[in-house]
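Fold and geometry: a report
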Amino acid sequence: MTKFSDLNLNPKVLKAIQEAGYENPTPIQAGAIPPALEGRDVLGIAQTGTGKTASFTLPLITQLARGRARARMPRSLVLCPTRELAAQVAENFDTYAKHVKLSKALLIGGVSFKEQDILIDKGVDVLIATPGRLLDHFERGKLILNDVKVMVVDEADRMLDMGFIPDIERIFGLTPFTRQTLFFSATMAPEIERITNTFLSNPERIEVARQATASETIEQGVVMFKGSRRDREASEKRKVLRLMIDAEGEKCTNAIIFCNRKTDVDIVAKSLKKYGYDAAPIHGDLDQSQRTRTLDGFRAGELRFLVASDVAARGLDVPSVSHVFNFDVPSHAEDYVHRIGRTGRAGRDGKAMMICAPRDEKNFDAIEKLIQREIPRLDNPLGTPAPAAEATEEPKAEKPKRTRAPRKPKADAPEAEAAPVEAPQSEAPTPVEAAPEQAQEAKPEKSTGRGRGSTGGRGRSSNREDRGGNKVVGLGDHTPSFIELSFEERRAS
Ligand code: AMP
């Protein structure tokens, strides 16, 4: 087995690694560090949780330990898709570079330009940035990228999802042709393949096992849930979640609860809070200070339940999360792998449970196909759903209306107001669900659309979180639930 001491890292970096308590390099580190130290381009196909951050940070620090940065001319660049990931890379950098004298700046939204300008003016060795914010600084003439010796692109597949690829291409074009590139992606979509073929030069390709196959420590389960009636489905689903949490009892020390849509993140967090659970939401529409406060609280063990969207939680490293609840089946199978990878980290046990409604079954099948195993079915804590006949016997006034569909809710309606949360004492039907979300997750880190193919970018690609399963064509993503037909009715029609 490779040892850190075999890797030619700077002795001061080795000391920091030892102090961090790492014994041996992970496979991505053992594979990526030697070519990176030789100055070669690296293409790392690895997910979060594999130790990929250290696989580029450690050689970067070793290489930069010699030399000094000039004013406004950073010597290296690390591009991350979200602020949280950028902040996390910066933290990693601080840990591993604590015995080396290097300067860094973090260019992310939500932090004033002025502070960041001062740092850049002094000269930084490592500039960690989200693409949009970096280009903003560049266009204000505050930044010169001609001296970038190493450029790192982290989580390229998420950059693609968020429409950042034109920005990335532009940034590649602004850095010297001779730079070294360390490029990381969890998957190799054709667009990512194209970028790597264009901008990487004879890279060393290192691929590590998917986390789902690696993390045998995660116990998985799914509740196949069907609402007793269409108009009660949303509130019953939240009840199922609460019962699942309760059933875990004290074993559930903390948990991340994933929802597909930002509106649902808010609704579920609010609902849990109403029922006395210690929960808070995190998604890209919340302001930065709130996101940071919530995450810090969760990391410190002061907050028990973090209700999150995929983008906000992607790549976040909270070492001990006992449970992951998938309130929604993710519409992209690989997101399931990312989600459950938040628990069972570093050999610890973890439990990942999911709620699957009939309309999610196609996505659910795709997940089982991807992870190549069957997810054990758990009993529905609400019991078997009421037969259809029973629903028709409900009082007339509560019967869902299917004729004369109401207009689509206004796009600009505030999320919180659009979706009232049920009162703790009654499981009343939830009226119209949330307003459509057109806003991109991690909103302030905008793709500038200034690069090649800018018409594509974010508009075309993609709020993956907003893409659902079976949608009613022509009504947008958030059709009020009571105008959709039931599963059986759709099958029959
Ligand atoms: P990452 O995939 O970069 O998000 O890293 C996941 C976690 O693994 C982080 O908590 C790191 O601190 C930790 N880690 C990274 N490298 C090692 C290592 N060689 N040994 C043990 N833990 C590590």
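See the structure printed just above.
Before going into details, it helps to say that this report is about the structure given with it. (Residues numbered from 1 in each chain as written. Predicted model: local features only at pLDDT ≥ 70, side-chain atom pairs only at ≥ 80, totals over all residues. Heavy atoms only, no water.)

Some words on the overall build of the chain
Summing up its helical and strand segments, the chain has 20 helices and 14 strands in all. Residue burial in the chain is summarised as follows: out of 493 residues, 56% are buried. Contacts spanning at least 24 positions in sequence make up 77% of the contacts within the chain whose residues lie at least 6 apart. Total accessible area on the chain is roughly 21,400 Å²; 50% of this is exposed by carbon and sulfur atoms. (Helix = DSSP H or I, 4+ residues; strand = E, 2+ residues; numbered from the N terminus. Buried < 20%, exposed > 50% of the residue type's maximum accessible area, 1.4 Å probe, protein only. Contact = heavy atoms within 4.5 Å. Areas by Shrake-Rupley, 256 points an atom, 1.4 Å probe, with all protein chains shown as cover.)

A few points about the pairing of strand β12 (residues 323–326)
Of the two faces of β12, the one holding H323 and F325 and the one holding V324 and N326 are both buried throughout. The pairing of strand β9 (residues 255–258) with β12 spans four bridges and is parallel. For I256, the partnering residue across the bridge sits in β12 and is V324. Two elements, β12 and strand β13 (residues 350–356), share four bridges in a ladder whose sense is parallel. Within β13, the position partnered with F325 by the bridge is M353. (Pairing = 2+ DSSP bridges.)

Let's talk about the sheet that holds strand β7 (residues 204–207)
With respect to topology, seven strands assemble into an open sheet ordered β3-β4-β2-β5-β6-β1-β7, the strand pairing being parallel. Two strands close off the open sheet at either side, each with one partner strand: β3 (104–107) and β7. Mean inter-strand twist for the sheet, computed between neighbouring axes without regard to direction, equals 10°. Note: strand β5 (residues 150–153) against strand β6 (residues 180–185), four bridges, orientation parallel. Residue pairing across strands places M151 opposite T181, the latter belonging to β6. Packed on one face of the sheet, helix α5 (residues 113–122) meets β3 and β4 (126–129) and runs near 145° to β3. (Axes fitted to C-alpha atoms, helices over the stretch in contact; angles between N-to-C directions.)

Considerations on the site of the ligand
Taken together, 14 residues form the shell around the ligand, and within it Y22, Q29, G49, T53 and D317 come nearest. With respect to the ligand, the side chain of Q29 contributes an N or O atom lying 2.7 Å from a nitrogen atom. Within the backbone of G51, one N or O atom sits 2.8 Å away from an oxygen atom of the ligand. When isolated, the ligand has an accessible area of 500 Å², and the protein chains bury 78% of it. For the shell around the ligand, the residue count by class is three nonpolar, eight polar and three charged. (Near = heavy atom within 4 Å. Polar contact = N/O pair within 3.5 Å; in protein donor to acceptor, adjacent residues only side chain to side chain. Nonpolar A, V, L, I, M, F, W, Y, C, P; charged D, E, K, R; others polar.)

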